[in-house]
Amino acid sequence: MTLFPDMVSGVLSESIIGRAQTAGLIEVHCHNIRDFSTDKHRKTDDTPYGGGVGMVMSCQPIYDCYKSVLASIPEESRRRVIYMSPKGRIFSHGVALELSKYDNLVFLCGHYEGVDQRILDEIVDEEISIGDYVVTGGEVPACIVIDAVSRLVDGVLASSECYEGESVAAGILEYPQYTKPREFMGREVPEVLLSGDHKKIERWRLEEAVRITAERRPDLLDLRPDILESLKPKPKRERAKKQKSAGSCIENAQKAEDNE
């Protein structure tokens, strides 16, 4: 629900999200609040009670728009109405996972000085913020949430691996990525990535991810002590035990061959 539907449709009709809509994996419908104004000039806002600068979006057009949206959604579907607001819960990958469980998400995009509180109290389930800053309206923040949630829908990406190992989704920031050519402006691809040794590559990627996370988002590492633990060298006794176990396996195999 927005006063500027082209802002939303223009962004979400491109790339992966656009292709997902064409394939019928997701649907994005933009509802112009102005179409539901009963004012002869299609006015959707008014001056704030108590004074102050700017205009506040009025209840009536939003509520009538909301009723129209509800009429298009199956009554038994799980839905959530979200108002994009800097006062809301901070958006994160975890929130995206929560929202992906709903059948329908309805976004209310504010503009100007915001929306009459009474309509928020009447129809909104939750307010969500994309960060501690203010933008001119809720359309771009809504697009960010829709994009992040849509990527979690089955079939939108080639596989769940496409997002499970990415920054934040995996609990830490992602390791650096490289592609051809091997050398660019004197900078070369790390040798380990060319080695073909998958175990070494996997460990390098984890070490790099931890290094970057420690530098830029150390708070994330506090939530994943298991990752740091996995990088610690194993005690000598444990290594010796594994080697002994491997030796026993070889010895038993040789005995079995001798008995045949």
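As a reminder, the structure under discussion sits directly above these lines.
Definitions and cut-offs
- Every chain begins its residue count from 1, and numbering advances along the sequence as written.
- Owing to the predicted nature of the model, reporting of local features is limited to residues with pLDDT of at least 70; listing and counting of side-chain atom pairs is limited to 80 or more, with chain, interface and lining totals taken over all residues.
- Values shown for side chains rest on all heavy atoms present in the structure; no hydrogens or waters enter the calculation.
- The helix count covers DSSP runs of H or I at least four residues long, the strand count covers runs of E at least two residues long, and both are numbered beginning at the N terminus.
- Each residue gets one of three labels from its accessible area relative to the maximum for its type: buried under 20%, exposed over 50%, partly exposed in between, using a 1.4 Å probe on protein chains only.
- Every residue pair with non-hydrogen atoms within 4.5 Å of one another is taken to be in contact.
- Note on areas: Shrake-Rupley, 1.4 Å probe, and residue coverage restricted to the protein chains presented here.
- Using a grid of 1 Å spacing that covers the protein atoms alone, one calls a set of points a cavity when a 1.4 Å probe fits there but cannot get out, and a pocket when the set is open and has protein on both sides within 12 Å along at least five of seven lines; lining residues are those with an atom within 4 Å of a point.
- Grid points are joined across faces, edges and corners, and a volume is the space filled by probe spheres set on the points.
- Following the grouping adopted for this structure description, the nonpolar residues are Ala, Val, Leu, Ile, Met, Phe, Trp, Tyr, Cys and Pro, the charged ones are Asp, Glu, Lys and Arg, and the polar ones are all others, Gly among them.
- To form a nonpolar core, buried Ala, Val, Leu, Ile, Met, Phe, Trp, Tyr and Cys residues must be joined to one another through side-chain atoms within 4.5 Å.
- Centres within 6.5 Å make a pair out of two Phe, Tyr or Trp rings, where for Trp the six-membered ring is used; the pair is then stacked when the planes are under 30 degrees apart, edge-to-face when over 60, and tilted otherwise.
- Here, a charge over a ring is recorded when the distance from Lys NZ or Arg CZ to the ring centre is within 6 Å and its angle to the ring normal is within 35 degrees.
- Here, any two strands with at least 2 DSSP bridges between them count as paired.
- Here the term right-handed applies to a crossover when the path leading from its first strand over the helix to its second strand runs clockwise, the strands being oriented away from the viewer.
- Polar contact is defined as a pair of N or O atoms within 3.5 Å, subject to the rule that within protein one atom must be able to donate a hydrogen and the other to accept it, and that residues adjacent in sequence are counted only when both atoms are side-chain atoms.
- The axes are straight lines fitted to the C-alpha atoms, using for helices just the contacting stretch, and the angles between their N-to-C directions are given from 0 to 180°.
- Take a side-chain nitrogen of Lys or Arg and a carboxyl oxygen of Asp or Glu: if they are within 4 Å of each other, that pair is a salt bridge.

Enquirer: Would you mind going over the overall build of the protein with me for this structure?
Expert: Along the backbone of the protein there are 11 helices and 7 strands. Within the protein, the fraction of its 260 residues that count as buried is 32%. Of the contacts formed within the protein by residues at least 6 apart in sequence, a portion of 69% connects residues at least 24 apart. When the accessible surface of the protein is split by element, carbon and sulfur atoms take 51% of a total near 17100 Å².

Enquirer: What should I look at first to understand the layout of surface pockets in this one?
Expert: Rolled over the atoms, a probe sized like a water molecule indicates the empty space that remains. Within this model, the largest pocket holds a volume of roughly 770 Å³. As for the largest pocket, its lining consists of 28 residues, of which Glu-27, Val-28, His-29, Asn-104 and Leu-105 are closest to the centre. The set of elements that each furnish at least two residues to the lining of the largest pocket consists of β4 (104-108) and α6 (139-150). Of the residues in the lining of the largest pocket, the class split is 19 nonpolar, 7 polar and 2 charged.

Enquirer: In this structure, what is going on with the nonpolar core? I would like to understand it.
Expert: The tendency in soluble globular proteins is for nonpolar side chains to be buried as a group. Residues Met-84, Phe-91, Leu-99, Phe-107, Ile-128 and Val-145 are the most contacted members of the largest nonpolar core, which totals 21 residues. If you look at the next biggest cluster of nonpolar residues, it comprises 18 residues, including Met-1, Ile-33, Ile-73 and Leu-108.

Enquirer: What exactly am I supposed to notice about the packing of aromatic side chains here?
Expert: For any two aromatic rings, the description comes down to two numbers: the centre-to-centre distance and the angle of the planes. Evaluated as defined, the whole model comprises 1 aromatic pair. On the basis of an interplanar angle of 40° and a centroid distance of 6.3 Å, the ring pair of Tyr-63 and Tyr-66 is categorised as tilted. A residue pair is termed a helical-turn pair when its members lie 3 or 4 positions apart in one helix, as Tyr-63 and Tyr-66 do in helix α3 (residues 59-71) at 3 residues. You can call Tyr-66 buried: its relative accessible area is 12%. The cationic tip of Arg-78 hangs over the ring face of Tyr-102; the distance from NZ or CZ to the ring centre is 4.5 Å.

Enquirer: Quick question: what am I supposed to make of the pairing of β4 here?
Expert: Sheet faces and side chains relate simply in a regular strand, where the side chains alternate between the two faces. One ladder, built from 5 bridges, connects strand β3 (residues 79-90) with β4; its direction is parallel. Bridging across to β4, Arg-79 finds its partner in Asn-104. What joins β3 to β4 is helix α4 (residues 93-99), and the crossover it makes is right-handed.

Enquirer: Is there a simple way to think about the side chain of Thr-2 in this case?
Expert: Inspection of the secondary structure assignment puts Thr-2 in the segment before α1 (5-12). A distance of 2.8 Å separates a polar atom in the side chain of Thr-2 from the backbone nitrogen of Phe-4. Setting aside residues no more than four positions away along its own chain, Thr-2 makes contact with His-31, Asn-32, Ile-33, Cys-109 and Glu-139.

Enquirer: How should the environment of Ile-26 be read in this particular structure?
Expert: Mapped onto the secondary structure, Ile-26 falls in the loop between α2 (15-22) and β1 (45-46). Taking relative accessible area as the criterion, Ile-26 reaches 10% and is therefore assigned buried. Taking C-alpha positions, Ile-26 is 9.9 Å from Asn-104, a pair spaced 78 residues apart along the chain. Setting aside chain neighbours within four positions, we find Ile-26 in contact with Ile-17, Ala-20, Gln-21, Ser-150, Val-153 and Val-156.

Enquirer: It is not clear to me how the environment of Val-53 should be interpreted in this structure. Could you clarify?
Expert: For Val-53, the location among the structural elements is in the loop between β1 and β2 (56-57). For Val-53, a relative accessible area of 68% gives the class exposed. For Val-53, the residues in contact, after removing those within four places along its chain, are Pro-48 and Glu-113.

Enquirer: Can you help me understand the sheet that holds β3 in this one?
Expert: Through backbone hydrogen bonds, the strands of a sheet pair up, either in parallel or in antiparallel fashion. Taken together, the 3 strands give an open sheet; going across it, the order is β4-β3-β5, and neighbouring strands pair in parallel fashion. The sheet terminates laterally at β4 and β5 (126-129), the two strands that pair on one side only. On average, each strand axis in the sheet is inclined to that of its neighbour by 45°, with strand direction left out of account. Both β3 and β5 contribute to a ladder of 5 bridges, which runs parallel. For Tyr-83, the partnering residue across the bridge sits in β5 and is Glu-127.

Enquirer: Explain the pattern of salt bridges to me, please; I cannot follow it from the model alone.
Expert: For the coordinates displayed, the defined rule picks out 13 salt bridges. Salt-bridge contacts for Arg-217 lead to Asp-219; the nearest nitrogen and oxygen are separated by 2.9 Å. A relative accessible area of 34% means that Arg-217 is categorised as partly exposed. The class of Asp-219 is partly exposed, set by a relative accessible area of 37%. Look at the salt bridges and you will find they share partners, linking Arg-80, Arg-89, Glu-98 and Glu-126 into a network.

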